[in-house]
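# Tertiary structure, described
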Amino acid sequence: MKTMRQKTPIKVFPRATPLSSRGNSGSSLPSDPVQVYCRVRPLPCESDLSCLRVTAPNTVVLTPPEIAINYKISNLKETQYIFKHVFEPSAGQHECYSTVAQPLVEALVRGKNGLLFTYGVTGSGKTYTMTGDMQHRGIMPRCLDALFRTIADFQAKKFIFKPDRLNGFDILSDADAALERQAELHSKLHRVRRKDTDPEIASKASVEPSELSGIDEDNIYSVFITYVEVYNNSVYDLLEESTIQKTLQSKMVREDANRNMFVHGVTEVEVKTMEEALEVFQIGQKRKRVGHTILNAESSRSHSVFTIRLVQAPVDNNGEHVVQDRNAVTVSQLSLVDLAGSERTNRTGNTGQRLREAGNINNSLMTLRTCLEILRENQMTGGNKKVPYRESKVTHLFKNYFDGEGHVRMIVCVNPRAEDYDETAQVMKFAEMTQDVQIARPTPVKVDVGLTPGRRKANQLYKVALSDIERRHGEVENKEIDLGLVYSLGPKFPEFKLSGPEAENLIQELIKTLENRILKRKSLVDDFDARQDTFRMNLHKIEKDNAALKSENVSIKGVLAQSRQKIKAMENKIVIYESSIDDLNRRNRTLEERVRELNAQLNTKTQQLNQKEIEKERQRKKYNSKIAVESEKMSRELELKLQEQKNKLKQEIDDKNERLMLVSKIISGQTPVKPVARSNSVDELATPVTSRTAGSKAFYTPRAARGVAVANPRHRRSRSTGERWLEHRAANPVPLGTIMQPYIPDRKSVTALNDAQDVTGAKASKYCLITQEADTEGELETKLFKGDIIPTTGGGAQVILNDVELLKQYSPTRSPPGGGGRKRTSSNQHWQNGASVVASAPPMS
Ligand SMILES: Nc1ncnc2c1ncn2[C@@H]1O[C@H](COP(=O)(O)OP(=O)(O)OP(=O)(O)O)[C@@H](O)[C@H]1O
């Protein structure tokens with residue numbers, strides 16, 4: 001083992017050296033050195049020789065290998081370098097992040113700028129440390145993750161911050177304008193997502209589980225990202241769309257009103273989540289590759305600058321909306337820079353164009369080195385040498401970090417293999433020198449707008465309480481918030497670390513802060529007392545109101561109890577009514593059922609009746625035709641009978657005439673008198689009368705015991721006057737009801753014949769006796785006995801009955817009597833001529 005021949009003197013970290021103006025001369029601002037970390041990557045191959053070893057957490061020893069150029073010319077065998085911290089090859093990404101980058105992110109949240117760059121030869125692990133890969137996330141994604149975790153609850157809900165293209169931000173008060181901006185940003189992001197996003201990156205899981213300290217809960221935050229590439233001393237915007245269209249445009253580096261440097265016209269994307277930020281980074285990476293193809297460049301020969309800008313502004317007194325004051329906006333930024341490899345120009349393989357490019361890159365790194373050397377010199381000697389920031393774009397961009405205020409940290413990446421010894425030695429020297437550069441300690445940059453701390457939380461508590469009250473008691477009318485109730489002794493304590501040599505200053509600051517707090521406390525106590533008095537008065541008033549309300553409550557309860565009783569009684573009634581309604585409904589249903597049944601029966605009966613009617617009509621037609629046939633037959637029979645009668649009567653008349661002739665001969669004494677029969681009907685009554693003379697036969701009117709009157713032979717019936725009838729009938733005859741009635745035009749009706757006067761007095765020549773009786777079948781039979789009234793010789797009258805009319809009614813549905821089942825025709829009147837009957841009546845006188 002080789003012995004250490006010379007050792008770099010261990011550096012005593014400088015005290016907060018008063019800086020000259022903005023890092024160059026004059027003022028006595030407290031400052032801190034640039035913090036340099038060293039990360040030693042593992043050997044690429046196990047067979048590789050190492051020229052470096054880590055001897056302590058902050059010390060590394062570089063041993064020149066035999067192949068090194070200065071191995072022979074230098075008698076220096078080993079060199080020791082001390083840094084803020086040395087990460088061994090086994091150190092992981094999280095360790096690296098938490099030690100180096102996390103404090104920068106916390107400072108960012110507190111409103112302080114930061115610069116972190118990786119420096120080293122090609123292949124030493126700069127990109128691995130800054131970006132990492134999918135399995136080993138580097139510093140940048142971890143910074144984003146921690147940042148979004150920290151500000152998650154305090155992010156601006158709408159896109160209210162708008163970059164003004166001069167490195168500042170406007171606050172959009174108008175909601176429409178904010179939405180317009182939101183739409184614009186979203187469409188931009190969607191456009192790039194569609195074309196460039198690697199789904200693996202987009203689905204990136206969180207890597208940093210813990211949140212950061214330093215968040216101000218009364219602020220709202222927004223994150224903006226820019227990503228530029230410095231190549232050949234030109235700045236290219238990796239998020240600009242023209243990069244895809246293969247037209248790279250170099251951007252200008254400018255200084256804003258606060259003497260901060262910025263890339264003018266760079267695309268700045270507002271991101272709301274870690275995933276969105278990684279997507280944007282991924283887009284930049286892809287465009288970077290496209291750009292390198294266009295420029296025929298390699299990644300190791302360009303510097304990548306990824307900048308996170310955090311914009312924050314306080315919420316108003318109500319803890320609800322952002323304060324509409326551009327001056328209240330705080331912008332802080334953290335630049336994560338992956339510098340190009342620092343290989344020397346004489347390294348083998350670099351010739352021609354590549355050599356020139358390497359020269360350019362090394363020029364920019366050389367400028368960085370020069371700037372830092374001059375800065376250190378100015379700081380140490382109090383000189384005022386001009387720092388040539390403008391000679392390179394990278395140093396120009398870094399100017400406000402070194403010259404202004406902010407944290408600057410560097411990670412020196414080292415590949416321990418022996419082949420890289422010469423470059424590594426140069427890098428180590430530069431890194432060592434950088435640690436001597438002082439950076440002004442950032443002073444609080446946040447604008448104090450004089451609002452009470454804790455107002456956002458108070459607002460949240462107030463809202464919870466309000467919603468609770470509204471849930472229980474309904475809408476609250478006066479929703480004014482009095483956040484003066486939030487008591488606070490002022491902003492949080494600044495970070496005081498009393499370990500360093502600057503403790504005296506810090507104690508003075510602490511005393512001042514505490515005095516302010518005492519004053520604040522006194523005013524708060526006064527305010528509290530006043531509020532207590534007001535509260536007591538209000539409480540007293542509320543107590544009185546409460547007592548009144550209680551008594552009112554008691555009376556209302558009484559009324560309520562009565563109302564409840566009434567309601568109960570009514571409910572009972574309702575139950576009864578409901579049951580009776582149910583009952584009625586049941587009965588109604590039964591009756592309806594019955595009505596339906598009856599209707600059905602009625603229909604059946606009606607149908608039957610109709611059928612019967614039809615049958616009846618059919619029968620009627622049938623009978624009509626039969627009656628017609630029968631009546632025709634009967635009329636023929638009657639005609640025959642009539643003819644027969646006529647013949648008979650003629651015969652009788654002839655007989656009579658013969659007898660009359662005989663009588664007249666007798667009377668005239670020619671022939672014996674023969675009694676003349678008045679009619680066939682009285683033949684049997686007449687007794688042959690023997691003539692007074694012998695040999696002659698005479699007929700005489702028989703004298704009955706009752707004394708039958710002898711007709712006056714001289715009586716002549718007057719034919720000049722009309723016949724007058726003596727109708728002899730019952731007092732109340734049954735109406736005949738027949739169509740054919742006996743025709744007796746001139747008549748006198750009597751119900752009884754008491755003496756002869758009744759017959760003679762009527763001066764009637766015709767007699768009609770009407771009798772009514774039931775026949776054997778119970779039908780009413782009316783008989784009219786007709787006869788002539790002939791005066792008798794004794795002054796009386798005799799009635800010779802010579803005609804009988806019989807009137808009878810039959811039901812058409814019944815068979816006619818003795819008809820052998822034959823029915824009568826529609827004429828229900830039976831008219832029958834009977835044999836003539838001679839009856840004589842003695843004079844009644
Ligand atoms: N600490 C480490 N642990 C494991 N692997 C590492 C480490 N550092 C670097 N590597 C690996 O070494 C290789 C080169 O690293 P990287 O690309 O980061 O180097 P570089 O310095 O960025 O090079 P260039 O200057 O060309 O960009 C990568 O494959 C990387 O995975």
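For clarity, every value in this text was computed on a predicted model and none was experimentally measured.

When you go through the protein residue by residue, the secondary structure sums to 13 helices and 28 strands. Across the protein, the fraction of contacts at a sequence separation of at least 24, relative to all contacts at a separation of at least 6, is 71%.

Moving on: the sheet that holds strand β24 (residues 725-728). The strand order across the open sheet built from five strands is β25-β24-β26-β27-β28, with neighbouring strands paired in mixed fashion. Edge strands, defined here as strands with exactly one partner in the open sheet, are β25 (747-750) and β28 (797-808). Across the sheet, the axes of successive neighbouring strands diverge by a mean angle of 20°, strand direction being ignored. Here β24 pairs with strand β26 (residues 766-774) via four bridges, running parallel. Across the sheet, H728 pairs through a bridge with L769, a residue of β26.

To continue, consider helix α11 (residues 455-473). Counted at 1.5 Å a residue, the expected span for α11 with its 19 residues is 27 Å, and the 26 Å between its end C-alpha atoms agrees. Those residues of α11 that fall on the buried side of the exposure criterion are R455, R456, A458 and N459. For α11, the angular spread of buried residues about the axis comes to 145°, placing them on one side. Seen from the open side of α11, the exposed residues pointing more than 90 degrees away from its buried face are V464, A465, S467, D468, R471 and R472. Just downstream of α11, G474 is the residue with a positive phi angle, here 85°.

Let us look at the environment of K783. Examined against the element boundaries, K783 turns out to sit in strand β27 (residues 780-791). The exposure class of K783 is partly exposed, given the 16 C-beta atoms found within 10 Å. Setting aside its immediate chain neighbours within four residues, K783 contacts T771, V804, E805 and L806.

A separate point is the nonpolar core. Note on soluble globular proteins: their nonpolar side chains tend to be buried together. C38, V105, I139, C143, V412 and A431 are the most contacted members of the largest nonpolar core, which totals 110 residues. V759, C768, I789 and L801 belong to the second-largest nonpolar core, a separate cluster that totals 13 residues.

For the rest of this paragraph, the subject is the packing of helix α2 (residues 93-109) against helix α4 (residues 139-151). Contact geometry for α2 and α4: axes closest at 10 Å, N-to-C directions at 45°. Considering their axes alone, α2 and α4 lie oblique with respect to each other. The interaxial crossing formed by α2 with α4 has right-handed handedness. Residues C96, Y97, V100, A101, Q102, V105 and V109 of α2 lie in contact with α4, whose contacting residues are I139, R142, C143, A146, L147 and T150. Residue composition of the contact of α2 with α4, by class: ten nonpolar, two polar and one charged.

Taking the numbering used here, the UniProt-annotated feature "binding site: ATP" (unreviewed entry) corresponds to G120, V121, T122, G123, S124, G125, K126 and T127. Within the element layout of this structure, V121 appears in the loop between β9 (114-120) and α3 (126-130). Along the chain, K126 turns up in helix α3. Accessibility expressed as a C-beta count within 10 Å gives 28 for K126, which makes it buried. Apart from residues lying up to four places away in sequence, K126 is in contact with T118, G120, D338, L339 and C413.

The next point concerns the sheet that holds strand β5 (residues 52-56). Spatial ordering of the open sheet is given by β5-β6-β7, a layout of three strands whose pairing is antiparallel. Among the strands making up the open sheet, the edge pair consists of β5 and β7 (79-82). Each strand axis lies, on average, 30° off the axis of its neighbour in the sheet, ignoring direction. Here β5 pairs with strand β6 (residues 59-62) via four bridges, running antiparallel. Looking at β6, one finds that R53 is bridged to V61.

Counted residue by residue, helix α9 (residues 393-403) has eleven buried out of eleven residues, so it is predominantly covered. Listed in full, the buried residues belonging to α9 are K393, V394, T395, H396, L397, F398, K399, N400, Y401, F402 and D403.

This next bit is on the confidence of the model for the protein. Averaged over all residues, the pLDDT of the protein is 76; the fraction at 70 or higher stands at 71%. Across residues 189-199 the pLDDT falls below 50, and counting only partners more than four positions away or on other chains, this stretch makes 13 contacts in the model. Note that pLDDT drops below 50 for residues 345-351; the model gives that stretch seven contacts with residues more than four away or on any other chain. Reported confidence for the predicted complex is 0.98 by ipTM and 0.57 by pTM.

Moving on: the pairing of strand β19 (residues 330-338). Where a strand is regular, its side chains alternate between the two sheet faces. Most of β19 is tucked away, with nine of its nine residues classed as buried. Of the two faces of β19, the one carrying T330, S332, L334, L336 and D338 and the one carrying V331, Q333, S335 and V337 are both buried. Relative to β19, β9 runs parallel, the two being bridged by five bridges. Across the sheet, residue L116 finds its bridge partner in β19, namely L336. Here nine bridges tie strand β18 (residues 303-314) to β19, and the two strands are oriented antiparallel to one another. If you follow V311 over to β19, its bridge partner there is V331.

Rules used in this analysis
The residue numbering used here restarts from 1 in each chain and proceeds along that chain's sequence as written. Two thresholds apply to this predicted model, a pLDDT of at least 70 for residue-level local features and 80 or more for giving and counting side-chain atom pairs, whereas whole-chain, interface and lining totals are computed over all residues. Under the scheme used here, helices are H or I runs from DSSP no shorter than 4 residues and strands are E runs no shorter than 2 residues, and both carry numbers assigned from the N terminus. A residue pair is marked as a contact if its C-beta atoms, positioned from the backbone, fall within 7 Å. Strands qualify as paired when DSSP identifies two bridges or more between them. As a rule, the C-alpha atoms of each element are fitted with a line to give its axis, helices using only the stretch in contact, and angles between N-to-C directions run from 0 to 180 degrees. Helices are assigned an expected span. That span is 1.5 Å times one less than the residue count. Counting other C-beta atoms within 10 Å of a residue's C-beta gives its exposure: the residue is buried at 20 or more, exposed at 12 or fewer, and partly exposed in between, where C-beta atoms are placed from the backbone. Arc definition: it is the arc formed by the directions from the helix axis to the C-beta atoms. Note on definitions: a nonpolar core is a set of buried residues drawn from Ala, Val, Leu, Ile, Met, Phe, Trp, Tyr and Cys, linked by C-beta atoms within 7 Å. An angle below 35 degrees is treated as roughly parallel, one above 145 as roughly antiparallel, one from 65 to 115 as roughly perpendicular, and anything else as oblique. Put simply, a crossing is left-handed when the front helix is turned counterclockwise from the back one by less than a right angle, and right-handed when it is turned clockwise. The residue classification treats Ala, Val, Leu, Ile, Met, Phe, Trp, Tyr, Cys and Pro as nonpolar and Asp, Glu, Lys and Arg as charged. All others, Gly included, are polar. UniProt positions are given in the numbering used here, feature names are shortened, and annotations may be inferred rather than shown by experiment. One number per residue, pLDDT, summarises how confident the predictor is, and it ranges from 0 to 100.

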